[in-house]
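What follows is the residue order along each chain.
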Amino acid sequence: MKRLLLLLSVLFMGVLTLSAKENEEKKEILSSEERTALIQKTLASREVKLVIEPWGGKGIECKELTKSGNNYVAPKKAAKVFFDRGYTFTPVTFVDGFRYIFEHEGKFYCATTSEVRLADAADREELSFMTQGKNNKMNTPAGRFYGSSSALWMMLLVMGAAAVVALLYFMCGMKSLRTIVLIVIPAAILVFSLIEIYGYIKFGGDMFWWCEYERYGFFGSLFRVFPFALMIAAQVYSIKLYEKVLFEGNDDPDDDNRKISLKPAAWSLALCIPVLIVIILILGSMDLENTILMDVLGVGGFLVTLGVGLVISFRRNVRNFGAVSGLWVTIFSIVYIIGCLISAIAMITLIVQIIWQILVVVGTILIFMMLGYRRRVYRNGRVYEEIHY
């Protein structure tokens, strides 16, 4: 029952991380020691080729390693070599639970499990334990698109093109562009939202690698959040801009007959899953879990909550635009809302990470201040210790 309800939620919302880490979602049944032993055994019994495919990177910079017994260490002044994405190697061994050692031009280097994928497609299912799941997806067209700068540049290009056309129309007074604007703005919103929706369903938060805290640190991610916020603001405001062009000559904000109906659909999309969760919790507390009643009420409550807002928006859009255009505008609105929700989730996550780091630093300073300091004083041949707070 719960799996069915979750599936329905994903189909309608598109913002859950169902497929964010498809390969990584498989339960890890091996301990770190067992996994290391299994990988070493595999490398000893067969030839396995790995490809450098860092998620979101052009390659990796590796320090030259020195072999000391069974250990591989990097001297303080070790030379560095940059290996481009796509470089293929056969690992010599696997150490530390996450590093593959390989040889290049007679010298040793290492790459982590998060920076490589299996070169042979036939090995990816059998030997999936050797790499992180998302890296194996880099060999797919979608993986290369979202795991590189392509998706980011595509979204920027789409929004930039729409912004240029809108600027020529509004600021430069080129009213002859009205027909083009009516096509370009909704097309840009649709493409931008679909890129976000598919990427989030397929790769989850990994699609926003270009402003991750773990990758770029505090200041690096902070500086990247600002342009991301501007991009989200443009995405949210674009629908209002489109309405201005669509209903030019009637800017009355209180005239519901001259605007796209968004709010009812947005409320339904936002509330359908919370309603579903509440129903499951209530019936579960009444020992009615996994019963027909839970199936009926759960699915029924979800569909009713979702359907009410969508039907209201659809009827209003049909009244304003006609049957065919009203259906198209409603579908377009749903895609737009889901795209905005995904952007909001990503932005909130990034901001929380940054704020958390600020709180950690401030908390550490306060702790040190509260601990105070001690001072020793010599008086009359005796040593006294004073504690200052």
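What counts, and where the lines are drawn
Residues numbered from 1 in each chain as written. Predicted model: local features only at pLDDT ≥ 70, side-chain atom pairs only at ≥ 80, totals over all residues. Heavy atoms only, no water. Helix = DSSP H or I, 4+ residues; strand = E, 2+ residues; numbered from the N terminus. Phe/Tyr/Trp six-rings, centres within 6.5 Å; stacked < 30°, edge-to-face > 60°. Buried < 20%, exposed > 50% of the residue type's maximum accessible area, 1.4 Å probe, protein only. Patch = residues over 30% accessible without salt bridge, like charges linked within 9 Å, V, L, I, M, F, W, Y side chains within 5 Å. Areas by Shrake-Rupley, 256 points an atom, 1.4 Å probe, with all protein chains shown as cover. Salt bridge = Lys/Arg side-chain N within 4 Å of Asp/Glu carboxyl O. Pairing = 2+ DSSP bridges.

Q: Would you take a moment to explain unusual backbone geometry for this structure?
A: Residues apart from glycine generally show negative phi values, whereas peptide bonds are mostly found in trans. Phi at Asp96 takes a positive value of approximately 60 degrees, unusual for a residue other than glycine. Structurally, the position occupied by Asp96 is in the loop between strand 7 (93–95) and strand 8 (99–104). With a phi angle near 55 degrees, Glu105 is a residue other than glycine that sits in the positive phi range. Residue placement: Glu105 occurs in the loop between strand 8 and strand 9 (107–112).

Q: Looking at this structure, how should I read the packing of aromatic side chains?
A: A ring pair, where both rings are aromatic, is described by two values, the distance of the centres and the angle of the planes. Taken as a whole and assessed by the stated rule, the structure comprises 16 aromatic pairs. Taking the centre distance of 6.4 Å and the plane angle of 25 degrees together, the rings of Tyr87 and Phe89 count as stacked. According to the relative accessible area criterion, Tyr87 is partly exposed, its value standing at 22%. Relative to Phe228, the ring of Phe208 lies with its centre 5.5 Å away and its plane at 45 degrees, an arrangement referred to as tilted. Linking Phe208 in the loop between helix 7 (178–203) and helix 8 (213–246) with Phe228 in helix 8, this pair joins segments that are 20 residues apart in sequence.

Q: Just checking my understanding: could you explain a nonpolar patch on the surface for this structure?
A: On the surface, Ile351, Ile355, Trp356, Leu359 and Val360 cluster together to form a nonpolar patch covering roughly 470 Å² of accessible area. The topology assignment puts Trp356 in helix 11 (residues 323–371). Residue Trp356 is classed as exposed on the basis of its relative accessible area of 53%.

Q: Where do I start with the pairing of strand 9 in this structure?
A: Consecutive residues of a regular strand have side chains that alternate between opposite faces of the sheet. When you tally the buried positions in strand 9, you get five out of six residues, the bulk of the element. Note: strand 8 against strand 9, six bridges, orientation antiparallel. Bridged to Glu103 within strand 9 is Phe108. The antiparallel pairing of strand 8 with strand 9 creates a hairpin that spans two residues between the two strands, and Glu105 there sits at a positive phi of about 55 degrees.

Q: So what exactly am I meant to see when it comes to the sheet that holds strand 10 (residues 116–118) here?
A: The strands that make up a sheet pair up through hydrogen bonds in the backbone, lying either parallel or antiparallel. Judged by pairing direction, the sheet is antiparallel, and its three strands sit side by side in the order 6-1-10 without closing on themselves. Every interior strand has two partners, whereas the edge strands, strand 6 (88–89) and strand 10, have only one. Pairing geometry for strand 1 (residues 50–52) and strand 10, over three bridges, is antiparallel. Note that in strand 10 the partner of Val51 across the bridge is Arg117.

Q: For this particular structure, what's the right way to read the pattern of salt bridges?
A: Working definition: two side chains of opposite charge can pair if their charged atoms are close together. Per the counting criterion, the structure on display carries six salt bridges. Of the charged contacts, one joins Arg46 and Glu126 as a salt bridge, the two residues approaching to 3.1 Å between their closest N and O atoms. With Arg46 in the loop between helix 2 (32–45) and strand 1 and Glu126 in helix 3 (residues 123–126), this pair connects stretches of sequence that are 80 residues apart. For Arg46, a relative accessible area of 32% translates into the label partly exposed. Ionic pairing is found between Lys49 and Glu47, a salt bridge with its closest N-O pair at 3.7 Å. Taking relative accessible area as the criterion, Lys49 reaches 40% and is therefore assigned partly exposed. Ionic contacts of the salt-bridge type, sharing partners, join the residues Glu53, Arg85 and Arg117 into one network.

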